[in-house]
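A structural walkthrough
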Amino acid sequence: LDPDYKSLNKFLSISQDVSIEVKTFCFYVDVHKKLDNVLSKKTDTTGIEYRISPVSIFQQENSISKSGNKNITFKIEFWHPERTLTTKEVSILS
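Residues numbered from 1 in each chain as written. Predicted model: local features only at pLDDT ≥ 70, side-chain atom pairs only at ≥ 80, totals over all residues. Heavy atoms only, no water.

1. With respect to the side chain of T73
Position of T73 relative to the elements: it lies in strand 3 (residues 69–79). For T73, a relative accessible area of 14% translates into the label buried. Once residues lying within four places of it in the same chain are set aside, the contact partners of T73 are D17, V18, S19, S53, P54, V55 and S56. (Helix = DSSP H or I, 4+ residues; strand = E, 2+ residues; numbered from the N terminus. Buried < 20%, exposed > 50% of the residue type's maximum accessible area, 1.4 Å probe, protein only. Contact = heavy atoms within 4.5 Å.)

2. A word on helix 1 (residues 28–43)
In this model, helix 1 (16 residues) spans 22 Å end to end at C-alpha, consistent with the 22 Å of a helix rising 1.5 Å per residue. Restricting attention to buried positions, one finds in helix 1 the residues V31, L35, L39 and T43. Viewed end-on, helix 1 has its buried residues packed into an arc of 90 degrees, placing them on one side of the element. Projecting away from the buried face of helix 1 at angles above 90 degrees are the exposed residues K34 and K41. (Expected span 1.5 Å × (residues − 1). Arc of directions from axis to C-beta.)

3. Details of the nonpolar core
Soluble, globular proteins show a tendency: their nonpolar side chains are buried together. Judged by nonpolar contacts, the single largest core of 16 residues is most densely connected at L39, I76 and F78. Listing elements by their share of this core, those giving two or more residues are strand 1 (14–23), helix 1, strand 2 (49–58), strand 3 and helix 2 (87–93). Apart from the residues within four sequence positions on either side, I76 is in contact with I14, S15, Q16, V18, L35, L39, Y50 and R51. (Core = buried A, V, L, I, M, F, W, Y, C linked by side-chain atoms within 4.5 Å.)

4. As for the layout of surface pockets
The volume enclosed by the largest pocket comes to roughly 280 Å³. Every residue lining the largest pocket is counted, 13 residues in all, and those nearest its centre are K6, S7, L8, N9 and W79. Elements that contribute at least two residues to the lining of the largest pocket include exactly strand 2 and strand 3. Across the lining of the largest pocket, the residue classes tally to five nonpolar, three polar and five charged. (1 Å grid on protein atoms, 1.4 Å probe; cavity = no way out; pocket = protein on both sides within 12 Å on 5 of 7 lines; lining within 4 Å. Points joined across faces, edges and corners; volume = space filled by probe spheres on them. Nonpolar A, V, L, I, M, F, W, Y, C, P; charged D, E, K, R; others polar.)

5. Remarks on the sheet that holds strand 1
Strand order across the open sheet formed by three strands is 1-3-2, with antiparallel pairing between neighbours. Two strands lie at the open edges of the sheet, namely strand 1 and strand 2, each paired on one side alone. Across the sheet, the axes of successive neighbouring strands diverge by a mean angle of 25 degrees, strand direction being ignored. Of the strand pairs in this sheet, strand 1 and strand 3 are connected by 10 bridges, and their pairing is antiparallel. Looking across to strand 3, one finds that I14 is bridged to F78. Contacts from helix 1 reach strand 1, strand 2 and strand 3, with the element oriented near 150 degrees to strand 2. (Pairing = 2+ DSSP bridges. Axes fitted to C-alpha atoms, helices over the stretch in contact; angles between N-to-C directions.)

6. Considerations on the side chain of E77
Positionally, E77 belongs in strand 3. At a separation of 2.7 Å, a polar atom in the side chain of E77 contacts the side chain of S13. Apart from residues no more than four positions distant in its own chain, E77 is found in contact with S13, I14, S15, E49, Y50 and R51. (Polar contact = N/O pair within 3.5 Å; in protein donor to acceptor, adjacent residues only side chain to side chain.)

Following this line, the structure appears as structure tokens:
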């Protein structure tokens, strides 16, 4: 048996898309790690689990000469192994 194996959850998950505006020189992996650290701290004692997936990275043409920003969008899926989560619980986390 694989020690990292987890069976499928029998309770529904809730997902939300989160878009974060960052400077163009910020790397996706750094923003992902920061988001993961924040969510890890918020869910540490709740039993809520999550998965972060990339959706898109949007940067306008000539953005360096304009705002110098880009938007990184993540899909975050939340679930609890023993019950169905409420929208209110998930909104507090994201």
